[in-house]
Amino acid sequence: MADFQGYFILFLIWLISTFLIRSFFKCTRSKPHLPPSPFALPIIGHLHLLAPIPHQAFHKISLRYGPVIRLFLGSVPCVVACSPETAKEFLKTYENSFLDRPQNSAVDYLTYGSKDFSFAPYGSYWKFMKKIVMSQLLNGTTLDLLLPVRHDEINCFIKLLSQKAKVGKAVDLDGELVKLTNNVISRMLMSERCSEDENEAGEMRKLVTEIAEITGKFNLSDYIWFCKNLDLQGFGKRLKDIRTRFDALIERIMKEHEEARKQEIGDVKDLLYILLDIAHDESMEIKLTRENIKAFILDIFAAGTDTSAITTEWALAELINHPNIMIKAIEEIDQVVGKNRLLQESDIPNLPYLQAIVKETLRLHPTGPMILRQSTEDCRVAGYDIPANTTIFVNVWALGRDPNHWENPLEFKPERFEKNQLDVRGQHFHMLPFGSGRRMCPGTSLALHVVHATLGAMIQCFEWKAGRDGNLTSVDMEEGLGITLPRANPLVCIPVARLDPIPLSM
Ligand code: HEM
């Protein structure tokens, strides 16, 4: 009996001490200090708060909860940075922890299992491609060599507008600008135009539109864990169809290029030609595969066409709504370029007001409204603990409207850029249309050339009457849904010739 009592007392001591020790360690172990978060619903988390337009919704939530917020999109943990100060912490101070991008099933499938550049994890393949992109594909020398392509396409576009002007017909600028930028990218990449609808080349434009649409759609299997292997929205079939068609088209173009390489035909090398040279170069530290090349081409189409076209469309819409700014821009162009020739890319450095208009457009209408990154390790940012594998959104749209950094932020006022050196290349964290740091947009220079030259030529050659009948005095500025910040209602206008651009552009 005495033995039993002894064991019982020992057991009680063990039980109490275990409990006390556990409680002690629980108290001393510091709890992670996570960013504030609104109330989340089971399964969907905060998905219901994202409507109608995610970057606007994030901004609204941050006005209540602060500049860094934590959300669950379904079961995916996310953090949103909505102020220039916090954007700087994520993209510069702690950049090393945020150099990856989150994966999504549509992009993964279309890029042959993430064999592309834009979504590649920050590692040896991405570094290899970045070096090639900056030194051979989108560098100043290659852009200069391919200037005739851009010049030619802008001339074709102005001629088309001129034909519409002659018969007083309205132009759907959304569609025509996308055709223009698609042609520029397609000819720079692989010396083919996209816009002949009837032939095989028109297929590429259709594919680019379908790819933008499907990758921009919300896919349940990316966010709701138990839907991971279910294809409730039927995306799988559409993705398979798109990739099969893209593959057939790109295979044909690659084979033609390979033939031309063998026979050493062609004096100006397009980007595909340069990529094939690199793939055949035995001295390269990484061997580019066929799938790497195809995925890269898809990346450039996806990243480089809608973005530049929609920026130009927003800029013209702002000018239509601000006739005084339009007049000032035309006066500058008439003075610097004159009326006897079409504005060229080489005129841009002498057109500071046109440059200010483009900057102001990118501030209010950044066509990459949110920078997407993924944390690769636990870290502490802006005083909060950010766990590894968190999706990070930097709300570029909100940065450009921050009243602590911009006077009357909602006003379209290019003059704000006249007296300062603010540029768009990722150094000023209240203005990040092309992102910042190592993963910043490598197409910035190309995009700026195309947007300035197109917008400049459009306002040099035409007056613009808004609406199908040309009878609107202003246009609405409502945003639509999409990853490249499209307008809710595409811009439709009648061009009225100011100069006769056809002989000018010959
Ligand atoms: C107005 C036009 C454009 C805008 C607003 C824009 C904006 C952006 C933004 C915000 C990013 C993310 C940057 C970051 O994470 O810090 C990005 C990435 C990228 N952009 Fe652009 N872009 C434009 C045009 C272009 C063009 C013309 C090309 C190529 C021809 C291009 C190719 C890319 C690529 C490949 C990436 C991924 C880079 C990487 O992950 O390392 N973009 N762009």
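Residues numbered from 1 in each chain as written. Predicted model: local features only at pLDDT ≥ 70, side-chain atom pairs only at ≥ 80, totals over all residues. Heavy atoms only, no water.

## Thoughts on the nonpolar core
Membership of the largest hydrophobic core comes to 107 residues, with the highest contact counts inside it found for Leu173, Leu316 and Trp464. Of all the elements, helix α18 (residues 444-461) adds the most residues to this core, at 11 residues. Apart from residues no more than four positions distant in its own chain, Leu173 is found in contact with Phe157, Leu161, Leu316, Met458, Trp464, Leu491 and Cys493. In this structure, Ala81, Ala87, Tyr384 and Leu432 belong to the second largest nonpolar core, which totals 18 residues. (Core = buried A, V, L, I, M, F, W, Y, C linked by side-chain atoms within 4.5 Å. Buried < 20%, exposed > 50% of the residue type's maximum accessible area, 1.4 Å probe, protein only. Helix = DSSP H or I, 4+ residues; strand = E, 2+ residues; numbered from the N terminus. Contact = heavy atoms within 4.5 Å.)

## Here's the deal with helix α8 (residues 173-190)
Its 18 residues give α8 an end-to-end C-alpha distance of 25 Å, which sits within 8% of 26 Å, the value for a rise of 1.5 Å per residue. Where α8 begins, the capping side chain belongs to Asp172, and its oxygen is found 3.2 Å from the backbone nitrogen of Asp174. Ser191, located one to two residues past α8, shows a positive phi value of around 55 degrees. (Expected span 1.5 Å × (residues − 1). Polar contact = N/O pair within 3.5 Å; in protein donor to acceptor, adjacent residues only side chain to side chain.)

## Structural notes on the site of the ligand
Taken together, 25 residues sit near the ligand, with Arg101, Trp126, Arg373, Arg439 and Cys441 positioned nearest. The contact in question runs from an oxygen atom of the ligand to an N or O atom on the backbone of Ser118, over 3.2 Å. Here an oxygen atom of the ligand sits 3.0 Å away from a polar atom, N or O, in the side chain of Arg439. At the level of elements, α13 (290-304), α14 (306-321), β4 (370-374) and α18 are the ones that each hand at least two residues to the shell around the ligand. Grouping the constituent residues of the shell around the ligand by class yields 13 nonpolar, 9 polar and 3 charged. (Near = heavy atom within 4 Å. Nonpolar A, V, L, I, M, F, W, Y, C, P; charged D, E, K, R; others polar.)

## What about the layout of surface pockets?
Roughly 300 Å³ of volume is contained in the second largest pocket. What lines the second largest pocket is a set of 15 residues, among which Ile348, Gln355, Arg425, Leu448 and His452 lie closest to the centre. Listed by contribution, the elements that provide at least two residues to the lining of the second largest pocket are α16 (352-364) and α18. Residues belonging to the lining of the second largest pocket are distributed by class as follows: 6 nonpolar, 5 polar and 4 charged. (1 Å grid on protein atoms, 1.4 Å probe; cavity = no way out; pocket = protein on both sides within 12 Å on 5 of 7 lines; lining within 4 Å. Points joined across faces, edges and corners; volume = space filled by probe spheres on them.)

## Section: unusual backbone geometry
Only a minority of non-glycine residues have a phi that is not negative, and only a minority of peptide bonds are not trans. Of note, the bond from Ala51 into Pro52 is cis; its omega dihedral lies within 30 degrees of zero at -5 degrees. Within the secondary structure, Pro52 is located in the loop between α1 (2-28) and α2 (54-65). Its identity as a non-glycine residue notwithstanding, Ile43 has a phi of 65 degrees, on the positive side. With respect to the element layout, Ile43 can be found in the loop between α1 and α2. Look at Ser114: it is not a glycine, yet its phi comes out positive at around 55 degrees. Tracing the backbone through its elements, the reader meets Ser114 in the loop between α4 (105-110) and α5 (124-137).

## Things to note about the side chain of His257
Inspection of the secondary structure puts His257 in helix α11 (residues 235-262). Setting aside residues up to four positions removed in sequence, His257 forms contacts with Met190, Asp270, Leu272, Tyr273 and Leu276.

## Regarding the sheet that holds strand β3 (residues 171-172)
The strand order β3-β9-β8 describes an open sheet built from 3 strands, whose pairing is antiparallel. Edge positions in the sheet fall to β3 and β8 (462-466), since each has one partner strand and no second. In this sheet, strand β9 (residues 492-497) lies alongside β8 in antiparallel orientation, the contact comprising 5 bridges. Paired with Phe462 across the strands is Ala497, a residue of β9. (Pairing = 2+ DSSP bridges.)

## Re the pairing of β9
Strand direction decides the pairing type here: β3 and β9, joined by 2 bridges, are antiparallel. Its bridge partner lying in β9, Val171 is registered against Cys493.

## Remarks on the confidence of the model for the protein chain
Overall, the prediction assigns the protein chain a mean pLDDT of 91, with 91% of residues at 70 or greater. Of the two predicted TM-score estimates for the complex, the pTM is 0.92 and the ipTM is 1.00. (pLDDT = per-residue confidence, 0-100.)

## Describing the pattern of salt bridges
Applying the stated rule across the entire model yields 32 salt bridges. Between Arg252 and Glu256 there is a salt bridge, with its nearest N and O atoms 3.0 Å apart. Of this pair, Arg252 and Glu256 both sit in helix α11, 4 residues apart, which is roughly one turn of the helix. Take Glu256: its relative accessible area is 41%, and that puts it in the partly exposed class. The residue Asp347 makes a salt bridge to Arg341 at a minimum N-O spacing of 2.8 Å. Looking at Arg341, the relative accessible area reads 33%, which means it is partly exposed. Here the salt bridges do not stand alone but share partners, grouping Asp247, Glu251, Lys255, Glu258, Arg290 and Lys294 into one network. (Salt bridge = Lys/Arg side-chain N within 4 Å of Asp/Glu carboxyl O.)

## Focus: the environment of Leu499
With respect to the helices, strands and loops of the structure, Leu499 is situated in the loop between β9 and α19 (501-505). Taking relative accessible area as the criterion, Leu499 reaches 10% and is therefore assigned buried. Here the alpha-carbon distance between Leu499 and Val184, two residues 315 residues apart in the chain, equals 25 Å.

## With respect to the environment of Phe296
Positionally, Phe296 belongs in helix α13. Classification of Phe296 as buried rests on a relative accessible area of 1%. Distance from Phe296 to Met129, taken between C-alpha atoms, is 9.3 Å for residues 167 residues apart in sequence. Other than its neighbours up to four places away in sequence, Phe296 contacts Phe117, Met129, Val133, Leu137 and Leu275.

## Quick notes on the packing of aromatic side chains
Summed over all chains, the structure comprises 9 aromatic pairs. A centroid spacing of 4.7 Å and a plane angle of 15 degrees characterise the contact between Phe218 and Tyr223, whose relative ring orientation is stacked. Look at Phe218 and you get partly exposed, because its relative accessible area is 36%. Classification of Tyr223 as partly exposed rests on a relative accessible area of 22%. For Arg363, the ring lying beneath its charged end belongs to Trp406, and the centroid distance is 5.1 Å. (Phe/Tyr/Trp six-rings, centres within 6.5 Å; stacked < 30°, edge-to-face > 60°. Lys NZ or Arg CZ within 6 Å of the ring centre and 35° of its normal.)

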